[in-house]
Amino acid sequence: MATTAVPGALPVTTAEDEVHIERHGVWKRFRRHKLAIAGAIVLCVIALIAVFAKFLAPADPNYIDQVHWQGYPLAPNVAGHLLGTDENGRDLLSRLMFGAQISLTVAIFAVLMEIVIGTTLGAISGYYGGYVDYWIMRLTDVFLSIPLLPLLLVLTAIVSATSNKAALSFGVIVVIIGATSWPGTARLVRGSFLSLREKEFAEAARALGNKDGRIIFRHLLPNAVAPIIVQGTLDVANVIVLESTLSFLGFGIQPPTASWGNMLANAEANMSIAPWVAIFPGLCILITVLSVNYLGDGLRDALDPNMR
Amino acid sequence: MFNYVIRRSIQAIPLLFLISAILFFILSKAPGGPLTPYLQNPHITAADIARLKHNLGLDRPLYVQYLSWLGNVLRGDLGYSMSNSEPVVQAILERLPATLLLMGTSIGFSLLIGVAFGIFAAVKPYSIQDYLITTFAFFGQSMPVFWLALMVQLAFAVYGVTAFGYHFALPSAGISSSDTFDLGDRVQHLLLPMLVLSFLNIATWSRFTRSSMLEVIKTDYMRTATAKGLSPLTVILRHGLKNALIPVVTIVALSAPALVAGAVVTETIFAWPGMGRLFINALGQFDFALLMGYLVLISFLVVLFNLLADVAYAWLDPRVKYD
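For clarity, every value in this text was computed on a predicted model and none was experimentally measured.

**Concerning the interface of chain B and chain A**
For an interface, size is often stated in terms of accessible area lost upon the parts coming together.
Move 1: Residue-level contacts link 46 residues of chain B with 44 residues of chain A.
Move 2: Both faces considered, chain B and chain A share a buried interface measuring about 3,800 Å² in area, 82% of it formed by carbon and sulfur atoms.
Move 3: Applying the counting criterion to the chain B and chain A interface returns one salt bridge.
Move 4: One salt bridge connects Asp 297 of chain A with Arg 207 of chain B, and the closest N-O pair in it is separated by 3.5 Å.
Move 5: The interface formed by chain B and chain A includes two residue pairs in polar contact (both at pLDDT 80 or more).
Move 6: Put simply, the parts of the chain that give the side of chain B that touches chain A at least two residues each are helix H1 (2–28), helix H6 (128–142), helix H7 (145–159), helix H11 (256–269), helix H12 (275–284) and helix H13 (288–316) of chain B.
Move 7: The element best represented in the side of chain B that touches chain A is H7 of chain B, accounting for eight residues.
Move 8: Here the residues of the side of chain B that touches chain A sort into 35 nonpolar, nine polar and two charged.

As structure tokens, this is what we get:
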């Protein structure tokens, strides 16, 4: 992952060995972080459940158990519903499994988009400096000054006013979150590039007549990858919480599609008679986000011990 | 110092203009702009919309509309809120005290607990107390605020707590039970939303205080203080804490956007009559003037907090040169 081999510079005979040693060190440091390992394992399990939800779920997530359901949520372990049903008589466990698909895919795609935008803008900003840098950084300041949740809520409200609520599909949520949460990454990458562009290997790459684009993406970027991976991992955690908050408030993933957030939207009204409807989806969010945060912490320790 | 404050303030002004311009542009992307709520109304015809658009000047170029909005704002007029049938300034001012009460008490409480936790963790690094506090911090940072709010309601409002033969239950909604002022009643209503809003900040700030304190403990002046024969408590609190808190000032200011977002969620769930709930209500009807006013105001607050942090940092830390 974090190769400190010197790209672009004259070939060094020991480069291969150095890479090997470095990778070994990363894995060794990561392995020491027991909670990060635990987080990674839990995430793998959740991801597998999400991928194979179709085969693992005891029922269709939108199937209403009309035989047993009588207008109130069924309690856990009643009529074959391991975690009970929601207020519409749909199997809670099945909805949680399909909800995992939404939470994880939204988070992964939104963070990928955020990284692409943030890295590109940050790299350009840090590499060129001057006016380009000034204006990109002002734009970054703007998006860092507007609190993200209200901004996302307004953007989703605009989309739903443009057509209707159903238009708030999975893709729209991804694009809206990805397009607004890049400033942190941009600042981070800019910081790395400001110091990297002064390094000797960057100068060597320039002296050899490489084009700017090639220097940025082939020579400098590989050296700035470690903090991006760490930041991206921690942002996955943030996006899972953001998406579930949006869906909870009714401006995210729309029912009947199950998401951990919108499953909680109607839970409050029934909380005194059916607390399990409120407890389980939130527990899923907490466990997933906690795992991602521990994984991110472990990656930070492993990839860049000097970063903390 | 004075020049530094002035210069930083002047730098913030173009940022505020840029923020408002970008927000205005984004909000105008709604199909009818400020007339969006009318588009769904079957009694209002397309001709009515066109006439309203002309009368309100919405057929002018976007930048002209923005400049006219800006002109009004500079004269203290944020427009008219359609969802509340009152001027936006009035709607916001009515809700501002409730939000400030919630945020203010929450910041104070989080600072107290967060800093205390941070010190406890730092004085004995890698001990059980450090481990417990660090674990708590991870939970706090991973906790979805809205779910925490639901769980707190479930535990303290729905079920209540039975202790010493008494059964306590806290109110789960609103700011007071009646219009007459009763301090005990107000405190009861404030307790749950304040705790929920503080959770994240306690987590972040305790982690930050811990690492800052660990840095300070390593320094020479701390060793000198100990060598002078001062008690460990005096060394940590009088010599250590003062210096450890300087970077904490920055993280408190940087928490402002998260605090605003947290307040939106907390106020919605606890039916707290503050700005966050006003915003959520305005969102459903796409109340253009109110949304614009709210977003500009909270962004202004964030910029202000950052400015205050920079100034406070330069003022507290004599090592920082501010010219």
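**Overview of the environment of Ala 50 of chain A**
Residues and elements named next belong to chain A.
Move 1: When you line up the elements, Ala 50 lands in helix H2 (residues 34–51).
Move 2: For the pair Ala 50 and Ser 244, spaced 194 residues apart in sequence, the C-alpha to C-alpha distance is 16 Å.
Move 3: Other than its neighbours up to four places away in sequence, Ala 50 contacts Met 97, Ala 100, Gln 101 and Leu 104.

**Examining helix H10 (residues 232–254) of chain B**
All names here are of chain B.
Move 1: With 23 residues, H10 extends 31 Å between its outermost C-alpha atoms, agreeing within 8% with the 33 Å of an ideal straight helix rising 1.5 Å per residue.
Move 2: Regarding H10, the residues found buried are Val 235, Ile 236, Gly 240, Leu 241, Ala 244, Ile 246, Val 248, Ile 251, Val 252 and Ala 253.
Move 3: Each element contacted by the buried residues of H10 is listed here: helix H5 (88–123), helix H8 (183–217), helix H9 (220–227), H11 and H13.

**Looking at the domain arrangement of chain B**
Residue and element names in this part refer to chain B.
Move 1: For chain B, the assigned domains are domain 1 (2–74) and domain 2 (91–316).
Move 2: Measuring from the centre of the C-alpha atoms in domain 1 to the corresponding centre in domain 2 gives 33 Å.
Move 3: At the junction of the two partners, domain 1 supplies 19 residues and domain 2 supplies 14 residues.
Move 4: Carbon and sulfur atoms supply 86% of the area buried between domain 1 and domain 2, which totals about 1,500 Å² over both sides.
Move 5: Where domain 1 packs against domain 2, one counts one salt bridge.
Move 6: Between domain 1 and domain 2 we count one residue pair in polar contact (both at pLDDT 80 or more) in total.
Move 7: Only H1 and helix H2 (36–39) provide two or more residues apiece to the side of domain 1 that touches domain 2.
Move 8: With 13 residues, H1 is the largest single contributor of residues to the side of domain 1 that touches domain 2.

**Some points on the environment of Arg 190 of chain A**
All names here are of chain A.
Move 1: Mapped onto the elements of the fold, Arg 190 is located in helix H8 (residues 183–196).
Move 2: On a C-alpha basis, the gap between Arg 190 and Ala 123 in space is 5.5 Å, while along the polypeptide they are 67 residues apart.
Move 3: Apart from residues no more than four positions distant in its own chain, Arg 190 is found in contact with Gly 122, Ser 125, Gly 126, Asp 133 and Met 137.

**Looking at the packing of H2 of chain A against helix H4 (residues 92–128) of chain A**
All names here are of chain A.
Move 1: Interaxial distance between H2 and H4 falls to 8 Å at its minimum, and their mutual angle equals 110°. Our classification of the angle between H2 and H4 gives roughly perpendicular. Residues Ile 46, Ala 47, Ile 49, Ala 50 and Val 51 of H2 form the contact with H4, whose participating residues are Met 97, Ala 100, Gln 101 and Leu 104.
Move 2: Here the contact of H2 with H4 is composed, by residue class, of eight nonpolar, one polar and no charged.

**Quick word on the confidence of the model for chain A**
Move 1: Predicted confidence across chain A gives a mean pLDDT of 84, with 89% of residues reaching 70 or more.
Move 2: This model gives residues 1–19 of chain A a pLDDT under 50, and the stretch forms 21 contacts once residues within four places in sequence are excluded.

**Topic: the packing of aromatic side chains**
Move 1: Applying the stated criterion across every chain yields a total of 14 aromatic pairs over all chains.
Move 2: Seen from their ring centres, Tyr 127 of chain A and Tyr 128 of chain A are 5.1 Å apart, and the 90° between their planes marks the pair as edge-to-face.
Move 3: Residue class for Tyr 127 of chain A comes out buried when judged on its relative accessible area of 8%.
Move 4: For Tyr 128 of chain A, a relative accessible area of 41% translates into the label partly exposed.
Move 5: On the basis of an interplanar angle of 85° and a centroid distance of 5.7 Å, the ring pair of Phe 24 of chain B and Phe 288 of chain B is categorised as edge-to-face. In this pair, Phe 24 of chain B is assigned in helix H1 and Phe 288 of chain B in helix H13, connecting sequence segments 264 residues apart.
Move 6: On the basis of relative accessibility, which here comes to 5%, the residue Phe 24 of chain B falls in the buried class.
Move 7: According to the relative accessible area criterion, Phe 288 of chain B is buried, its value standing at 6%.
Move 8: Taken together, the ring pairs in this structure connect Phe 24, Tyr 66, Trp 69 and Phe 288 of chain B into an aromatic cluster.

**Digging into the pattern of salt bridges**
Opposite charge on two side chains permits pairing when their charged atoms draw close.
Move 1: Counted by the stated rule, this structure contains 13 salt bridges over all chains.
Move 2: One salt bridge connects Arg 187 of chain A with Asp 141 of chain A, and the closest N-O pair in it is separated by 2.7 Å. Here the residue Arg 187 of chain A occupies a position in helix H8, and Asp 141 of chain A occupies one in helix H5 (residues 130–145), the gap between them amounting to 46 residues.
Move 3: In this structure, Asp 220 of chain B engages Arg 223 of chain B in a salt bridge whose closest nitrogen and oxygen atoms are separated by 3.4 Å.

**Digging into helix H9 (residues 200–207) of chain A**
Helical geometry: 3.6 residues make up each α-helical turn, so side chains three or four residues apart lie on a common side.
Residue and element names in this part refer to chain A.
Move 1: Three or more residues of H9 are buried, namely Phe 201, Ala 202 and Ala 205. All buried residues of H9 project into a common sector of 105° when viewed along the axis, lining one side. Away from its buried face by more than 90 degrees, H9 exposes Glu 200 and Ala 207.
Move 2: Looking at the buried side of H9, the elements it contacts are H8 and helix H10 (212–220).
Move 3: Where H9 terminates, the next one or two residues include Gly 209, which has phi positive at roughly 85°.

Criteria and thresholds
- Residues numbered from 1 in each chain as written.
- Chains lettered and ligands numbered in written order.
- Predicted model: local features only at pLDDT ≥ 70, side-chain atom pairs only at ≥ 80, totals over all residues.
- Heavy atoms only, no water.
- Contact = heavy atoms within 4.5 Å.
- Buried area = accessible area lost by both parts, 1.4 Å probe.
- Salt bridge = Lys/Arg side-chain N within 4 Å of Asp/Glu carboxyl O.
- Polar contact = N/O pair within 3.5 Å; in protein donor to acceptor, adjacent residues only side chain to side chain.
- Helix = DSSP H or I, 4+ residues; strand = E, 2+ residues; numbered from the N terminus.
- Nonpolar A, V, L, I, M, F, W, Y, C, P; charged D, E, K, R; others polar.
- Expected span 1.5 Å × (residues − 1).
- Buried < 20%, exposed > 50% of the residue type's maximum accessible area, 1.4 Å probe, protein only.
- Domains from an automatic or database assignment.
- Axes fitted to C-alpha atoms, helices over the stretch in contact; angles between N-to-C directions.
- Parallel < 35°, antiparallel > 145°, perpendicular 65-115°, else oblique.
- pLDDT = per-residue confidence, 0-100.
- Phe/Tyr/Trp six-rings, centres within 6.5 Å; stacked < 30°, edge-to-face > 60°.
- Arc of directions from axis to C-beta.

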